[in-house]
Amino acid sequence: MGNAVALVGDGKVRVREGAVKSLIAVAQLQPKALKDYSSNRDFWKCVVFNSHINDDLIATIDYGLCKEVRDEGKSLRLESFNLLQILVTRLTLEGPQIDEIMGATLHRIGTPPSMQRARVATTSS
Amino acid sequence: VFNNTKFNDQLKIESSKILLRIIQIYNHILINNEQETFSLINFVLNELKKTAIVENKCNLLACLRELVSNDYPFSQYQRLWDYVFETVARTSTVKVQTIAFAILRRINETFKAAVPADSKYYASLLGLLRGKIKEFDGDKSIKVAVLKCLASVFAGLPVGEADAVYFLENLSAKLKIEVEKLPIVETLLRLQAGKVCSPEKAKVLETITKQVADNLGSNNYELNVKSIEAINQTLAIVGGNFSQATLTELLEKSKHLLNEGKIPLFFRPIVDSNPKMLKPYSELIIRSTETYYIAKLISAGVIDTSAVVKILKGLDIIEKGKKISLTLGSIGITASELLKEAEDTNWGRIIIGAVGYVGDESALGPLFKLLEGLKVEENRYAVCAAIGNVVSRDQGRLVGKLMEAASAVKDVYLYICIFKEMIGYNSQPFAQLPQLIEWLLAKSEDKFEAESNYFITSECVGKLAFISPEAAKLVVNNAKSANENRRLIVANSLRFGLEAQTSSDAYFLKEYIQAIGT
């Protein structure tokens, strides 16, 4: 990242989610303002990272009689994919970014929801 | 493919079709690349000169239409519009002419702000259109293309009186033709514009306005709307010069629209010059809740305040609540009179809204007192909105006092709501703007009861940030804060502050994006 304070890569998931939502608003209303970022690898890396399942954000809450597996990163992932979807249609992308985004998307497509659930359960157990 | 001499006509047509499709799909990417765009334009122009196949020409012209963009200066398109002019003048083929006019329209709409009115481009275009509108024969699609082009030209060009009369006279004769009605009315709308109205123009406009009024019963919604807009605009320009008989005819023809409450802004020039003429329609006007008209009718003595309130009480309070409040606040009833009726009911909520529009600092005490007594959540929120409305008219003095009062109470959410409403009513800079931003950010450091409260705070902060670059800087600086909630507010504030009309070059937008994205 070019700037250490960039909120899209913040340590807290709710801050990152807010930043991604704001970037979606910019991409929808003022895509030209993001023109300079089409070749910024760090920016893309960060957005792609946010669209991945993050084991650190999956927690098991033990209620005694039952357990709940909570994935705090789910909403961030959805928003990040929304952002990617808007960006790829509005910005001119370069080879490495296309590869990276394709990789992230294929990974996601290749992991059906049932497997994602299984993965969550495995990780949490 | 295009250079392949073995390709027959059909293959060439298919190739140009594919090229058009590619341009349509990838235009958003192409248009970002100046070199690619203009090499493509030049390529298409060269191909156009080589081909004699009509369908191929149409496809290639359509490619040119797609490639016009305001990302580049108008002068760069010189070769393109020279070719299109030449095509319109020389070709008699319907399809080619129609697309050529569509391109001229596209050029116009894209560059209307950038091309000077006295340019060679406009002079030649106007000459071309004078000829076309005079003969006005041939295929329907060419006629519609010419009319649409004419409407778009006049949207950006100040029209001389002689030109306006010329075009109006020629259009008036053609208004009976159903298919051309809408583009004619649109053209008419553009032609009327202009501060000066000569007696000749007024005379033609009176005739054409009566003809346009016949469209008001049409099932075509767009034609209805445009006709009303055209009549409204005509009246604004020459209203005083129309005969009484013409005005009465226009009012009667539009009465059913008022009855539906759909388009109530119709009578503005009449209510300004001769409000008594609207007496037969006064109840319908009150039902439309258009405050400007109602206030005018009251001040002219056509109706009295109590009659207005009585009719407003009978309206659908849920659907028209805010408009009724605004109306009540605009007809001369004082805040103290209104406050007597401020109860925990639906009508009470309307009254509270009205207090917001007329009240000053003295109304704040009773409004805060009301907050303590009201139980219905919607009504309590209405009080917050009313307080925000009152404060918005005197931010310089009242924001500081409100922040002070907020520091002494536990329920800070009410005050955050009040500030949110205040910004909605007035987004001008004020003295305590930096203090208010800091106050909101400091409050967010506490643990709020619900996550949604952080969003309301973000909305406030975002809207305040976009008031001035200094305010934005203040907010953006908090992206570095060690406090998670402050960073959360900054991250979310951009989406709430950003609006469609915000310039993509805005200094603070760049700062914001830098703090959030890279």
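Scoring rules and cut-offs
- Residues numbered from 1 in each chain as written.
- Chains lettered and ligands numbered in written order.
- Predicted model: local features only at pLDDT ≥ 70, side-chain atom pairs only at ≥ 80, totals over all residues.
- Heavy atoms only, no water.
- Helix = DSSP H or I, 4+ residues; strand = E, 2+ residues; numbered from the N terminus.
- Buried < 20%, exposed > 50% of the residue type's maximum accessible area, 1.4 Å probe, protein only.
- Contact = heavy atoms within 4.5 Å.
- Areas by Shrake-Rupley, 256 points an atom, 1.4 Å probe, with all protein chains shown as cover.
- Buried area = accessible area lost by both parts, 1.4 Å probe.
- Salt bridge = Lys/Arg side-chain N within 4 Å of Asp/Glu carboxyl O.
- Polar contact = N/O pair within 3.5 Å; in protein donor to acceptor, adjacent residues only side chain to side chain.
- Nonpolar A, V, L, I, M, F, W, Y, C, P; charged D, E, K, R; others polar.
- Pairing = 2+ DSSP bridges.
- Phe/Tyr/Trp six-rings, centres within 6.5 Å; stacked < 30°, edge-to-face > 60°.
- Lys NZ or Arg CZ within 6 Å of the ring centre and 35° of its normal.
- Core = buried A, V, L, I, M, F, W, Y, C linked by side-chain atoms within 4.5 Å.
- Arc of directions from axis to C-beta.
- pLDDT = per-residue confidence, 0-100.
- Expected span 1.5 Å × (residues − 1).
- Patch = residues over 30% accessible without salt bridge, like charges linked within 9 Å, V, L, I, M, F, W, Y side chains within 5 Å.

1. Topic: the overall build of chain B
Counting secondary structure elements, chain B contains 28 helices and zero strands. Evaluated residue by residue, chain B yields a buried proportion of 53% over its 518 residues. Residue pairs at least 24 apart in sequence account for 68% of intrachain contacts in chain B once pairs closer than 6 positions are excluded. Counting every atom, chain B has about 23800 Å² of accessible surface; 52% of that belongs to carbon and sulfur.

2. With respect to the overall build of chain A
When its secondary structure is counted, chain A shows five helices and two strands. The secondary structure elements of chain A, listed N-terminal to C-terminal, are α-α-β-β-α-α-α. In chain A, which comprises 125 residues, the proportion classed as buried is 42%. Taking the intrachain contacts of chain A between residues at least 6 apart in sequence as the baseline, contacts between residues at least 24 apart amount to 68%. By element, 55% of the accessible surface of chain A is carried by carbon and sulfur atoms, the whole surface being about 6700 Å².

3. Considerations on the interface of chain B and chain A
Contacts between chain B and chain A engage 32 residues on the former and 30 residues on the latter. Summed over both sides, the interface of chain B with chain A buries roughly 2600 Å², with 60% coming from carbon and sulfur. Where chain B touches chain A, the interface holds four salt bridges. The interface formed by chain B and chain A includes seven residue pairs in polar contact (both at pLDDT 80 or more). Within the residue set of the side of chain B that touches chain A, elements represented by two or more residues are α1 (9–30), α25 (451–465), α27 (484–497) and α28 (507–517) of chain B. In terms of residue count, the dominant contributor to the side of chain B that touches chain A is α27(B) (ten residues). Tallied by class, the residues present in the side of chain B that touches chain A amount to 13 nonpolar, twelve polar and seven charged.

4. Examining the pairing of strand β2 (residues 67–71) of chain A
Residue and element names in this part refer to chain A. Where strand β1 (residues 58–62) meets β2, five bridges bridge the pair, whose relative direction is antiparallel. Within β2, the residue paired with Ile 61 across the bridge is Glu 68. In sequence, β1 turns back onto β2 through a hairpin of four residues, with Gly 64 there showing a positive phi of about 95 degrees.

5. Quick notes on the packing of aromatic side chains
Under the counting rule described, the total for this entry stands at 19 aromatic pairs over all chains. Aromatic side chains Phe43(A) and Trp44(A) sit 5.7 Å apart centroid to centroid with 75 degrees between the ring planes, which places their arrangement in the edge-to-face category. Comparing Phe43(A) with Trp44(A) shows no difference in burial state: the two are buried. An aromatic cluster is defined as three or more aromatic residues linked by ring pairs; in this entry it consists of Phe38(B), Tyr72(B), Phe74(B), Tyr77(B), Trp81(B), Phe85(B), Phe111(B), Tyr121(B) and Tyr122(B). Of note, Arg14(A) hangs over the ring of Tyr454(B), and the distance from its end group to the ring centre comes to 5.1 Å. The positively charged end of Arg130(B) is found above the aromatic ring belonging to Tyr166(B), 4.0 Å away from the centroid.

6. Some remarks on the nonpolar core
It is characteristic of soluble globular proteins that their nonpolar side chains tend to be buried jointly. Core analysis: the biggest nonpolar cluster contains 206 residues, and Leu104(B), Tyr121(B), Leu328(B), Leu367(B), Leu436(B) and Trp439(B) have the highest contact counts within it. What Trp439(B) contacts, discounting residues up to four positions off in sequence, is Met403(B), Ala406(B), Ser407(B), Val412(B), Tyr415(B), Ile416(B) and Phe419(B).

7. Things to note about helix α16 (residues 305–313) of chain B
Residue and element names in this part refer to chain B. When α16 is considered as a whole, its buried residues turn out to be Val 308, Val 309, Ile 311 and Leu 312. Buried residues along α16 cover an arc of 165 degrees about the axis, so they all sit on one side. In α16, the exposed positions angled more than 90 degrees off the buried face are occupied by Ser 306 and Lys 310.

8. A few points about the environment of Ala363(B)
All names here are of chain B. When you line up the elements, Ala 363 lands in helix α20 (residues 361–373). Note on Ala 363: relative accessible area 1%, which makes it buried. C-alpha separation for the pair Ala 363 and Ala 335, spaced 28 residues apart in sequence, amounts to 6.9 Å.

9. Things to note about the confidence of the model for chain A
Residue and element names in this part refer to chain A. Looking at chain A, the pLDDT average stands at 77 and 80% of residues meet or exceed 70. At the low end of the mean pLDDT range in chain A sits helix α5 (residues 113–124), at 51; at the high end sits helix α1 (residues 13–29), at 92. Ignoring residues within four places in sequence, the model shows residues 1–5, a span with pLDDT below 50, making 14 contacts including any to other chains.

10. Focus on unusual backbone geometry
The backbone of Thr289(B) shows a phi angle near 55 degrees, a positive value even though the residue is not glycine. Tracing the backbone shows Thr289(B) in the loop between α14 (282–287) and α15 (291–299).

11. Describing the side chain of Asn485(B)
With respect to the element layout, Asn485(B) can be found in helix α27. Judged by relative accessible area, which is 10%, Asn485(B) ranks as buried. Apart from residues no more than four positions distant in its own chain, Asn485(B) is found in contact with Arg14(A), Ser444(B), Glu445(B), Asp446(B) and Tyr454(B).

12. A closer look at helix α11 (residues 221–238) of chain B
When the terminal C-alpha atoms of α11(B) are compared, their 26 Å separation across 18 residues agrees well with the 26 Å that a helix rising 1.5 Å per residue should span. N-cap assignment for α11(B): the residue whose side-chain oxygen lies 3.1 Å from the backbone N of Glu222(B) is Asn220(B).

13. Observations regarding a nonpolar patch on the surface
Side chains of Ile18(B), Ile22(B), Ile25(B) and Tyr26(B) sit close together on the surface and give an oily, nonpolar patch of about 380 Å² of accessible area. The residue Ile25(B) is located in helix α1 in this model.

14. Here we look at the confidence of the model for chain B
Of the residues in chain B, 93% have a pLDDT of 70 or more, and the chain-wide mean is 83. With a pTM of 0.64, the predicted complex shows an ipTM of 0.81.

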